[in-house]
Amino acid sequence: MTKRPSRRDEILQSLATMLESQPGSRITTAKLAAEVGVSEAALYRHFPSKAKMFEGLIEFVEEAIFSRVALICSEEEQAEAQLAKILHLLLAFTERNPGITRIFNGDALAGEHERLRSRVQQFYDRLEMQLRQILREAELREGLRTRATANTTANLLMACVEGRIGQFVRSEFKRLPSADWDDQWQLLRATVFR
């Protein structure tokens, strides 16, 4: 027997679905309550504010991505493989979760609370810090050197991935982030490493 999702999870799933199906539209609590099939008051029993609903989605992404990043780093010994898998993970996750991607692109946060944008920035900063750490350890453990500093290289890799995510959102989810990524990764890899 399949367990029914909690009302809280149902609200978050509906929010993510609305973000995907209504690109460019502002999601109101009234619209969300109608989508879930509850009153606005019922929404507020589970979340004290709409900002907390967005935070719930951000927490979901942080847990999903960083638990998988930790797994990749423990399973893969080679830095290049770690980097490739982490970057592909982010692209594949956004491709499978287009509504949530609007939050991480900033598109869905226009007019929302500043702390949400700060939280998304922290997510990207943390991911970039993970890439820097991998690059630094690669030089010590593997003798793998980059053409630029670890900071510059990690930032370049994140900029490429974030750009692909931005293209995905701007195309209304038609231009898939993973399309041609393997070829582009090979170009980046050849450019980044000595």
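Here the structure is shown first, and the text comes after it.
Residues numbered from 1 in each chain as written. Predicted model: local features only at pLDDT ≥ 70, side-chain atom pairs only at ≥ 80, totals over all residues. Heavy atoms only, no water.

Chemist: Describe the layout of surface pockets, with residues and values.
Modeler: Roughly 250 Å³ of internal volume is contained in the largest pocket. Gln13, Ala16, Phe60, Asn97 and Ile100 are, among the 14 residues lining the largest pocket, the residues nearest its centre. Sorting the residues of the lining of the largest pocket by element identifies helix 1 (7-21), helix 4 (50-75) and helix 6 (98-105) as the ones contributing at least two each. When residues in the lining of the largest pocket are grouped by element, the largest group, six residues, is from helix 1. A per-class count over the lining of the largest pocket returns six nonpolar, five polar and three charged. (1 Å grid on protein atoms, 1.4 Å probe; cavity = no way out; pocket = protein on both sides within 12 Å on 5 of 7 lines; lining within 4 Å. Points joined across faces, edges and corners; volume = space filled by probe spheres on them. Helix = DSSP H or I, 4+ residues; strand = E, 2+ residues; numbered from the N terminus. Nonpolar A, V, L, I, M, F, W, Y, C, P; charged D, E, K, R; others polar.)

Chemist: I'd like to hear about the environment of Thr29, residue by residue, with values.
Modeler: When you line up the elements, Thr29 lands in helix 2 (residues 29-36). Here the alpha-carbon distance between Thr29 and Ser39, two residues ten residues apart in the chain, equals 9.2 Å. Among all residues touching Thr29, those that are not within four sequence positions of it are Glu40, Leu43, Tyr44, Lys50 and Met53. Polar side-chain contacts of Thr29 include one of 2.5 Å to the side chain of Glu40. Among the polar contacts listed, one links the side chain of Thr29 to the side chain of Tyr44, at a separation of 3.5 Å. (Contact = heavy atoms within 4.5 Å. Polar contact = N/O pair within 3.5 Å; in protein donor to acceptor, adjacent residues only side chain to side chain.)

Chemist: Break down helix 5 (residues 79-96) for me, with residues and values.
Modeler: Taking 1.5 Å as the rise per residue, helix 5 with 18 residues should run 26 Å; its terminal C-alpha atoms sit 26 Å apart, in good agreement. Three or more residues of helix 5 are buried, namely Ala79, Gln82, Leu83, Ala84, Ile86, Leu87, Leu89, Leu90, Leu91, Ala92, Phe93 and Thr94. Buried-residue contacts for helix 5 involve helix 4, helix 6, helix 7 (114-142), helix 8 (150-170) and helix 9 (181-192). (Expected span 1.5 Å × (residues − 1). Buried < 20%, exposed > 50% of the residue type's maximum accessible area, 1.4 Å probe, protein only.)

Chemist: Give a description of unusual backbone geometry that names residues and reports values.
Modeler: The phi dihedral of Phe173 falls on the positive side, at around 70°, and the residue is not glycine. Of the residues examined, Phe173 reaches a relative accessible area of 14% and is grouped as buried.

Chemist: Provide a residue-level description of the packing of helix 6 against helix 8, including the pertinent values.
Modeler: In contact at an axis separation of 10 Å, helix 6 and helix 8 are set at 120° when each is read in the N-to-C sense. By the angle between their axes, helix 6 is oblique relative to helix 8. Of the two possible hands of crossing, helix 6 and helix 8 adopt the one that is left-handed. Where helix 6 abuts helix 8, its residues Pro98, Thr101, Arg102 and Asn105 lie against Ile165, Gly166, Phe168 and Val169. Its residues placed into classes, the contact of helix 6 with helix 8 shows four nonpolar, three polar and one charged. (Axes fitted to C-alpha atoms, helices over the stretch in contact; angles between N-to-C directions. Parallel < 35°, antiparallel > 145°, perpendicular 65-115°, else oblique. Left-handed = near helix turned anticlockwise from the far one by under 90°.)

Chemist: Describe empty space enclosed by the protein, and please don't skip the residues or the numbers.
Modeler: If you walk through the whole model with that rule in mind, you get one cavity of 30 Å³ or more. Here the largest cavity is characterised by a volume of approximately 40 Å³. For the largest cavity, the full set of lining residues is Val61, Leu90, Phe93, Thr94, Asn97, Ile100, Thr101, Phe104, Phe123 and Tyr124. At the level of secondary structure, the elements contributing two or more residues to the lining of the largest cavity comprise helix 5, helix 6 and helix 7.

Chemist: Please provide a residue-by-residue account of the side chain of Gln82, values included.
Modeler: Counting through the fold element by element, Gln82 comes out in helix 5. On the basis of relative accessible area, Gln82 is assigned to the buried category, the value being 5%. The contact partners of Gln82, leaving out residues within four places of it in the chain, are Ile72, Cys73, Glu76, Glu77, Ile134 and Arg141.

Chemist: I'd like a description of helix 1, backed by residues and values.
Modeler: Over its 15 residues, helix 1 extends 21 Å from the first C-alpha to the last, a length consistent with the 21 Å expected when each residue adds 1.5 Å. Listing the buried residues of helix 1 in full gives Glu10, Ile11, Leu12, Ser14, Leu15, Ala16, Met18 and Leu19.

Chemist: A description of the environment of Leu116 should follow, citing residues and the corresponding values.
Modeler: Inspection of the secondary structure assignment puts Leu116 in helix 7. The residues contacting Leu116, other than those within four sequence positions of it, are Ala51, Phe54, Glu55, Ile58 and Leu109.

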